Amino acid sequence: MQNNRENWGSKIGVILAVAGSAVGLGNFLRFPVQAATNGGGAFIIPYLIAFLLLGIPLSWMEWTLGRAAGLHHHGTAPGGFHYILGKKPWAKHLGSLGLLPPLFISFYYVFIQSWILAFTYYSATGKLMEVVAGGYEPMKEFFGNYIMLNTKVGPIPAAILFFLITFACNMGLLSFGVRKGIERVNKVTMPILLIMGIILVVRVLTVTDIGKGLAFVWNPNFSEMLNPAVWLAASGQVFFTMSLGMGIVFCYASYLKPKEDLVLSSLTAGATNGFAEIILGGTIVIPMAVLIAGNNIEECAKLGTFGLGF
């Protein structure tokens, strides 16, 4: 049978696409919160161990399984498991579990994507700067009104409007397929994201008293390393940030060419994600939040990881 499925057009394309699926709010928001609440700088030790012993081997496994499935015209877990497990009758049902994580992720992540679009709009119009100038309480009220649909653009709740725009953009991008859609966009947007992240790191490090914010995240508490919950948190962060076991890498790897060097591609994508997480994520959002919220940081954290970031 002729295989008419698309393939990634280049090695850098697949690396940036997989890195793009991993680099996101988990790096910039979830990781620094996990570090701050699990030993600060000491959290890096169990995190790196989990990355080396769990993240890299499991990533190689998922890349390998995905490419094997793709060579037999399967790009999702049900079809891939059906082939890999010898076409057993129950294999497709087991593989169906791999459809749930991307489905659940799409439910909430596109909505949170739309928050970013909205905050970009409010930043461009000057509204966000006015709110920030007022301090912690106005910021909390502004964010709360937005997510509770009290902020409106005309008669339409702003959160709904920006969600519909974001959803349409996502579906439009996917309609172009792997090479002309996902790969082409990631070749442009991923370098922009990393460059903007580096610029923000430099800017943050020049802010007066930023040492207080950095200390909140990174002051090491090595006694926490004796706490099994810290090691579980580090392992969970590795799974979350590398998109392991979610069917995402499996699907992307199914579009690899037969002789693609998946070991190097996987390592490069993982290293890009790690750089964004530790260097960029650990430096930008939470240290600035500590300076802005001050003594209210603990109360602010009750809004949740994403609430704290926004």
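Overview of the structure. Sequence order sets the numbering: in each chain, residues are counted from 1 along the sequence as written. Residues qualify for local features only when their pLDDT is at least 70, as the model is predicted, and side-chain atom pairs are given and counted only at 80 or more; totals for whole chains, interfaces and linings, by contrast, use all residues. With hydrogens and water set aside, each side-chain value is computed from the structure's full complement of heavy atoms.

Here the focus is the overall build of the protein chain. The helix and strand labels rest on DSSP assignments: H or I over at least four residues marks a helix, E over at least two residues marks a strand, and numbering proceeds from the N terminus. Helices and strands together make up the secondary structure of the protein chain, namely 17 helices and two strands. Only C-alpha atoms enter the radius of gyration, while the globule expectation follows 2.2 Å times N to the 0.38, with N the number of residues. Here the C-alpha atoms of the protein chain give a radius of gyration of 21 Å, agreeing with the 19 Å that 2.2 N^0.38 yields for 310 residues. Seen through its principal axes, the protein chain has C-alpha atoms that stretch 65 × 55 × 35 Å. In the protein chain, which comprises 310 residues, the proportion classed as buried is 42%. The contact rule is simple, with two residues in contact once any of their heavy atoms fall within 4.5 Å. The long-range share in the protein chain, meaning contacts at least 24 apart out of those at least 6 apart in sequence, stands at 81%. Accessible surface area values rest on a Shrake-Rupley calculation with a 1.4 Å probe, where residue burial reflects the displayed protein chains alone. Only carbon and sulfur atoms are counted for the fraction: they give 69% of the accessible area of the protein chain, which is about 15,700 Å². The convention is simple: Lys and Arg are positive, Asp and Glu are negative, and His and the chain ends are not counted. A charge is said to be at NZ when it belongs to Lys, at CZ for Arg, at CG for Asp and at CD for Glu. Separation of charge centres in the protein chain, based on 19 positive and 13 negative side chains, amounts to 14 Å. Each residue is assigned to one of three classes by its accessible area relative to the maximum for its type, calculated with a 1.4 Å probe on protein chains only: buried under 20%, partly exposed between the two thresholds, exposed over 50%.

Here a pair means two rings of Phe, Tyr or Trp (six-membered ring of Trp) with centres within 6.5 Å. Their orientation is stacked below 30 degrees between planes, edge-to-face above 60, and tilted elsewhere. Per the counting criterion, the structure on display carries 20 aromatic pairs. Measuring from ring centre to ring centre gives 6.2 Å for Phe 81 and Phe 250, while their planes differ by 55°; the resulting arrangement is tilted. On the criterion of sequence distance, the pair formed by Phe 81 in helix H4 (residues 77–84) and Phe 250 in helix H13 (residues 248–253) is long-range, its members being 169 residues apart. Take Phe 81: its relative accessible area is 25%, and that puts it in the partly exposed class. Between Phe 111 and Trp 115 the ring centres are 5.6 Å apart and the planes differ by 75°, which places this aromatic pair in the edge-to-face class. Placement of the pair is Phe 111 and Trp 115 together in helix H6 (residues 100–125), with a separation of four residues, close to one helical turn. For Trp 115, a relative accessible area of 9% translates into the label buried.

Okay, the layout of surface pockets next. Of the volumes computed, that of the second largest pocket is approximately 310 Å³. Around the second largest pocket, the lining comprises 17 residues; the ones closest to its centre are Glu 62, Phe 81, Gly 245, Met 246 and Gly 247. The set of elements that each furnish at least two residues to the lining of the second largest pocket consists of helix H3 (44–70), H4 and helix H5 (91–95). When residues in the lining of the second largest pocket are grouped by element, the largest group, four residues, is from H3. Residues are grouped as follows: nonpolar covers Ala, Val, Leu, Ile, Met, Phe, Trp, Tyr, Cys and Pro; charged covers Asp, Glu, Lys and Arg; every other residue, Gly included, is treated as polar. Taken together, the residues of the lining of the second largest pocket break down into 12 nonpolar, four polar and one charged. Method remark: on a 1 Å grid restricted to protein atoms, a set of points is classed as a cavity if a 1.4 Å probe fits but cannot get out and as a pocket if it is open with protein on both sides within 12 Å along at least five of seven lines; lining residues have an atom within 4 Å of a point. Grid points are joined across faces, edges and corners, and a volume is the space filled by probe spheres set on the points.

As a further point, take the pattern of salt bridges. Each reported salt bridge corresponds to a side-chain nitrogen of Lys or Arg within 4 Å of a carboxyl oxygen of Asp or Glu. Within the structure shown, the criterion is met by one salt bridge. Linking Lys 187 and Glu 183 is a salt bridge whose minimum nitrogen-to-oxygen distance equals 3.5 Å. Here Glu 183 and Lys 187 lie together in helix H10 (residues 177–205), a separation of four residues that amounts to about one turn. A residue is classified by how much of its surface remains accessible, and Glu 183, at 2% relative accessible area, is buried.

Let's shift gears to unusual backbone geometry. Negative phi characterises most residues that are not glycine, and trans characterises most peptide bonds. With a phi angle near 70°, His 73 is a residue other than glycine that sits in the positive phi range. Along the chain, His 73 turns up in the loop between H3 and H4. Notably, Ser 243 is not glycine yet its phi reads approximately 60°, a positive angle.

On to empty space enclosed by the protein. Evaluation of the coordinates by the stated rule reveals one cavity of 30 Å³ or more. Each pocket or cavity is described by its volume, and for the largest cavity that value is around 90 Å³. If you trace the largest cavity, you find it lined by Val 18, Ala 19, Ala 22, Ser 59, Trp 63, Met 242, Leu 244, Val 249, Ser 266, Ala 269, Gly 270 and Asn 273. Counting residues per element, the ones that place at least two in the lining of the largest cavity are helix H1 (11–22), H3 and helix H14 (262–281). Per-element accounting of the lining of the largest cavity gives the leading share, four residues, to H14. Broken down by class, the residue content of the lining of the largest cavity amounts to eight nonpolar, four polar and no charged.

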